[in-house]
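Observations on the three-dimensional arrangement
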Amino acid sequence: MRDYLSLLFIAGLAFLLFIIAGELDFGNAPMRVGQGINQAAPGQVGAANIVTSVVLAYRALDTLGELAILFAAATAGGLVLGRPRPDAPRDPDAGFILRTAADLLFPLLLLVGLFVIVHGHLTPGGGFQGGVILAAAFFVPLLARPGTRFRHTGFAVVEGLAGAAFIVTGLLGLIYGGDFLQPLLGPGAMGSLLSAGTLPLLYMAVGLKVGAELAGLIARLAEFEAVEP
Amino acid sequence: MSAPDMGVTLFIAAFGLVGIGVLGIVTATHLVRIVLSIVLLETGANLLLMLSGYRGGAAAPIIVNGVLPDAMVDPVPQALVLTAIVIGVAVQAFMMTLVLRVYRAYRTLDIRELRTCIERDLAREAGIPLPTSEDAPLTPLVNEPGVGGGGP
Amino acid sequence: MTVGTEFLDWVVLLATVIMLAGAVAVLLLKDYLAAVAATSVVSLGASLLFVILRAPDVALTEAAVGAGLSGVIMALSLRRLGLWRIRGSGAADSSAPDERTGDAD
């Protein structure tokens, strides 16, 4: 009975949403702010990827908020899961194919992740995508050999320093540019690697922070014992 | 026969995902299925947000070889959805840690059994007896949600 | 654009059908590992739609996060919860199908 009522509720909700969607004009976005950003961003910020200039220059405060949310989620997850016992029995190592593939994939994933982070202001990509790939790079060997001790302190140090670097760059923008997280060092030559001022540095900090955070959180998930002895 | 217009199909996709996600949250009885339904809801909401920035016939907001396209789609919803997707995965990871702790404490993931166990533990901690009624006397670890008199 | 809008309409329709079928499968499948795989299918369909909506950044993020990291997190948690069932696999690797309680700890 509850299922049928739920279906009725969903049908009513969908009907209301479709009435609203009928009024929306798909394909003709108003773009009041977007139009201005599209015209001003290549000259002002100098990044070839306009979405990067929105994420790190025009709406950089939202990115700082997102880093704070990620930090809160990862810290809370670590607190909830707790520390594993030192003598807890571990899963056996995976087969030969998986171990060899993990050893081969680790440098490749590291390289691809760093490439995506560093070229974030030129091509689609950036700190978040590259950070996720870096987290996967550190986690795949842990999947193949579950017994390896994951050094949480090193990752925590990297995460803290990367987050601090982001905020320090923002404060330097406040001191020298007048606004918090103002891009410094000028636009530069569009399309070259050293363009868009401090944006590549900010994305590097974001990428390292996201990668270290997610790798640490998943490692804690992997070490958790769901059955108390 | 021609396919329906792209806008209609995209709106159906976004609202369909949101609807199926909400349906899953309301009707599911296993915690993992509730978490997966929340993931579907987030994906649907992100898709809906992206639809608001599309302009027909425009190019992606990336400048290739120094050539500025004459019309580009709105970059602001794309930046917001980028943020939302990464926040979504962080929240998913946190939800799964909560599910793991619940499993370690209660050894069950059915929300009906969990409701009874948690009510019993809370009543025991607070030192008050569980409310019972003469029509449905309290039996150990019942499965019906009516017992316990908790109400809505 | 060299691709006609007619073709794009069909691609969007195909991606929508796959996504909605995967979403319904998440609700109806009994096996939780299959439900996680269906969630990854929904994320990949959404990533395809983001490419068609001229958003390559968002498509890259959705593919990496939804199909990659989210699936890994869910599958790892399922293994810890003992809901990892591989039908018919008696192989001598660590993912034994007869674990009922947590993991091999």
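Structural notes, computed from the coordinates. (Residues numbered from 1 in each chain as written. Chains lettered and ligands numbered in written order. Predicted model: local features only at pLDDT ≥ 70, side-chain atom pairs only at ≥ 80, totals over all residues. Heavy atoms only, no water.)

Our focus in this paragraph is the overall build of chain B. Along the backbone of chain B there are four helices and zero strands. Taking as baseline every contact in chain B between residues at least 6 positions apart, the subset at least 24 positions apart corresponds to 51%. (Helix = DSSP H or I, 4+ residues; strand = E, 2+ residues; numbered from the N terminus. Contact = heavy atoms within 4.5 Å.)

Contacts between the two partners involve 43 residues from chain B, matched on the other side by 49 residues from chain A. Regarding the contact of chain B and chain A, the summed buried area is about 4,200 Å², with carbon and sulfur atoms giving 77% of it. Considering only the side of chain B, the residues that lose the most area to chain A are F15, I63 and R104 of chain B, jointly responsible for 14% of the buried surface there. At the boundary of chain B with chain A, the tally comes to zero salt bridges. Inspection of the chain B/chain A interface yields five residue pairs in polar contact (both at pLDDT 80 or more). Elements with a minimum of two residues in the side of chain B that touches chain A: α1 (6–27) and α3 (75–106) of chain B. Counting residues per element, the side of chain B that touches chain A draws most heavily on α3 of chain B, which supplies 18 residues. Along the lines of polarity and charge, the residues of the side of chain B that touches chain A split into 29 nonpolar, nine polar and five charged. (Buried area = accessible area lost by both parts, 1.4 Å probe. Salt bridge = Lys/Arg side-chain N within 4 Å of Asp/Glu carboxyl O. Polar contact = N/O pair within 3.5 Å; in protein donor to acceptor, adjacent residues only side chain to side chain. Nonpolar A, V, L, I, M, F, W, Y, C, P; charged D, E, K, R; others polar.)

Attention now moves to the interface of chain C and chain B. Tallying the contact residues gives 45 residues for chain C and 49 residues for chain B. For the pair chain C and chain B, the two sides together bury roughly 4,000 Å², of which 79% comes from carbon and sulfur. Our count for the chain C to chain B interface comes out at zero salt bridges. The interface formed by chain C and chain B includes six residue pairs in polar contact (both at pLDDT 80 or more). Listed by contribution, the elements that provide at least two residues to the side of chain C that touches chain B are α1 (5–28), α2 (32–52) and α3 (56–81) of chain C. Among the elements that line the side of chain C that touches chain B, the one with the most residues is α1 of chain C, at 14 residues. Within the side of chain C that touches chain B, the residues separate by chemical class into 30 nonpolar, seven polar and eight charged.

Here the focus is a nonpolar patch on the surface. All names here are of chain A. Among the surface-exposed residues, L61, I167, V168, L171, L172, L174, I175, Y176 and F180 lie close enough to one another that they form a single nonpolar patch of about 870 Å² accessible area. Broken down by element, the nonpolar patch gets its largest block of residues, seven residues, from helix α7 (residues 152–177). Here I175 shows up in helix α7. The exposure class assigned to I175 is exposed, which follows from its relative accessible area of 63%. (Patch = residues over 30% accessible without salt bridge, like charges linked within 9 Å, V, L, I, M, F, W, Y side chains within 5 Å. Areas by Shrake-Rupley, 256 points an atom, 1.4 Å probe, with all protein chains shown as cover. Buried < 20%, exposed > 50% of the residue type's maximum accessible area, 1.4 Å probe, protein only.)

Attention now goes to α7 of chain A. All names here are of chain A. The terminal C-alpha atoms of α7 lie 37 Å apart, and with 26 residues this matches the ideal 38 Å at 1.5 Å per residue to within 8%. If you follow the buried residues of α7, they end up packed against α3 (50–58), α4 (60–81), α6 (127–144) and α8 (199–223). Downstream of α7 by one or two residues, G178 has phi in the positive range, about 105°. (Expected span 1.5 Å × (residues − 1).)

Glancing now at the environment of R54 of chain C. Residue and element names in this part refer to chain C. Along the chain, the position of R54 falls in the loop between α2 and α3. Of the residues examined, R54 reaches a relative accessible area of 13% and is grouped as buried. Each C-alpha atom, one on R54 and one on A37, is 26 Å from the other, the two residues being 17 residues apart in sequence.

Peptide bonds are mostly trans, and most non-glycine residues show a negative phi. A positive phi angle, near 60°, is found at R107 of chain B, a position not held by glycine. With respect to the helices, strands and loops of the structure, R107 of chain B is situated in the loop between α3 and α4 (111–126). Given a relative accessible area of 40%, R107 of chain B falls into the partly exposed group. The backbone of R54 of chain C sits at a positive phi, close to 60°, despite the residue not being glycine.

Attention now goes to the packing of aromatic side chains. Summed over the entire model, instances satisfying the criterion amount to four aromatic pairs over all chains. Consider the rings of F106 of chain A and F138 of chain A, whose centres lie 5.6 Å apart with planes at 65°: the pair is edge-to-face. Here F106 of chain A, found in helix α5 (residues 96–118), pairs with F138 of chain A, found in helix α6; they are 32 residues apart in sequence, far enough to count as distant. With relative accessibility at 28%, the residue F138 of chain A sits in the partly exposed group. Here F138 of chain A and F155 of chain A contribute two aromatic rings whose centre-to-centre distance is 5.0 Å and whose plane-to-plane angle is 85°, an arrangement assigned as edge-to-face. Pair noted here: F138 of chain A is in helix α6 and F155 of chain A is in helix α7, with a separation of 17 residues, a long-range link. Judged by its relative accessible area of 17%, F155 of chain A is buried. What links up through ring pairs into an aromatic cluster is the set F18 of chain A together with F11 and F15 of chain B. (Phe/Tyr/Trp six-rings, centres within 6.5 Å; stacked < 30°, edge-to-face > 60°.)

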